[in-house]
Amino acid sequence: MSDCIFCRIASGAIPSEKILDNEHFFVIQDIHPKAPVHLLLIPYEHIPNLLDLEAKHAALLGKMLVASSQLAQKYDLSGFRTIINSGQSAGQEVFHLHFHLLANTGSAQKKLPGF
Ligand code: 5GP
Ligand code: ZN
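Predicted model, so just to flag it, every value in this text is computed and none were measured.

Calculation notes
Residues numbered from 1 in each chain as written. Chains lettered and ligands numbered in written order. Predicted model: local features only at pLDDT ≥ 70, side-chain atom pairs only at ≥ 80, totals over all residues. Heavy atoms only, no water. Near = heavy atom within 4 Å. Polar contact = N/O pair within 3.5 Å; in protein donor to acceptor, adjacent residues only side chain to side chain. Areas by Shrake-Rupley, 256 points an atom, 1.4 Å probe, with all protein chains shown as cover. Helix = DSSP H or I, 4+ residues; strand = E, 2+ residues; numbered from the N terminus. Nonpolar A, V, L, I, M, F, W, Y, C, P; charged D, E, K, R; others polar. Pairing = 2+ DSSP bridges. Donors = N, O, S within 2.8 Å, 3.2 Å for Na, K, Ca; no water. Tetrahedral: all angles 85-135°; square planar, octahedral: opposite > 155°, others 65-115°. Buried < 20%, exposed > 50% of the residue type's maximum accessible area, 1.4 Å probe, protein only.

## As for the site of ligand 1
Here comes step 1: Neighbouring residues of ligand 1: 17 residues in total, closest Asp30, Glu93, Val94, His98 and His100.
Here comes step 2: Here an oxygen atom of ligand 1 and a backbone polar atom of Val94 are 2.8 Å apart.
Here comes step 3: At 2.8 Å, a side-chain N or O of His100 approaches an oxygen atom of ligand 1.
Here comes step 4: The fraction of the free accessible surface of ligand 1 (530 Å²) that becomes covered by protein chains is 86%.
Here comes step 5: Sorting the residues of the shell around ligand 1 by element identifies helix H1 (5-11) and strand E2 (25-29) as the ones contributing at least two each.
Here comes step 6: Examining the composition of the shell around ligand 1, we find that 3 residues originate from one element, H1, more than from any other.
Here comes step 7: Grouping the constituent residues of the shell around ligand 1 by class yields 7 nonpolar, 7 polar and 3 charged.

## Quick notes on the sheet that holds strand E1 (residues 20-21)
As a general point, the strands of a sheet are linked pairwise by backbone hydrogen bonds and lie either parallel or antiparallel.
Here comes step 1: Read from one edge of the open sheet, 5 strands run E1-E2-E3-E5-E4, paired in antiparallel fashion. The outermost strands of the open sheet, each flanked by one partner alone, are E1 and strand E4 (81-83).
Here comes step 2: Note: E2 against strand E3 (residues 37-43), 5 bridges, orientation antiparallel. Each bridged residue has a counterpart across the sheet, and for Val27 the counterpart in E3 is Leu41.

## Re the coordination of the zinc ion (ligand 2)
Here comes step 1: Only Cys4 (SG), Cys7 (SG), His46 (ND1) and His96 (ND1) from the protein coordinate the zinc ion (ligand 2), and they sit 2.0 to 2.3 Å from it.
Here comes step 2: Around the zinc ion (ligand 2) sit 4 donor atoms, and with donor-metal-donor angles ranging over 105 to 118 degrees the site reads as tetrahedral.
Here comes step 3: The sequence pattern describing where the donors of the zinc ion (ligand 2) fall on their chain is C-x2-C-x38-H-x49-H. With Cys4 in the segment before H1 and His46 in the loop between E3 and helix H2 (58-74), this residue pair connects regions lying 42 residues apart in the sequence.
Here comes step 4: Cys4 sits in the buried class, given a relative accessible area of 7%.
Here comes step 5: Judged by its relative accessible area of 22%, His46 is partly exposed.

See the structure below:
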């Protein structure tokens, strides 16, 4: 979808530093971080939010959760919060499914690109 900011990042139309990338999803840093580490896990498929999820997406979401664990190891996160906003009334601003991964671990910042 050309008017979707995350589809534009996914296609490369908007350049980004993908800190993890595979055929199913990619990970970038949030442009307005709400914690020392604030990552966004974004599927390539344009799924607006969890309200639009179908059974066929189960494996994709499982892979994204496993990736959050791998990211925690990679960046020495001793713990993290995962947030998925679904719907305007829940505070969703970008209507392309994404997981927020937030952590306060100080040392992790230094390993992330741009820090
Ligand atoms: P939502 O409220 O939809 O769950 O969160 C959307 C998130 O996307 C916000 O935290 C916002 O800062 C982030 N965001 C919006 N536009 C961009 C962008 O162009 N690049 C990046 N990296 N993050 C963005
Ligand atoms: Zn999209």
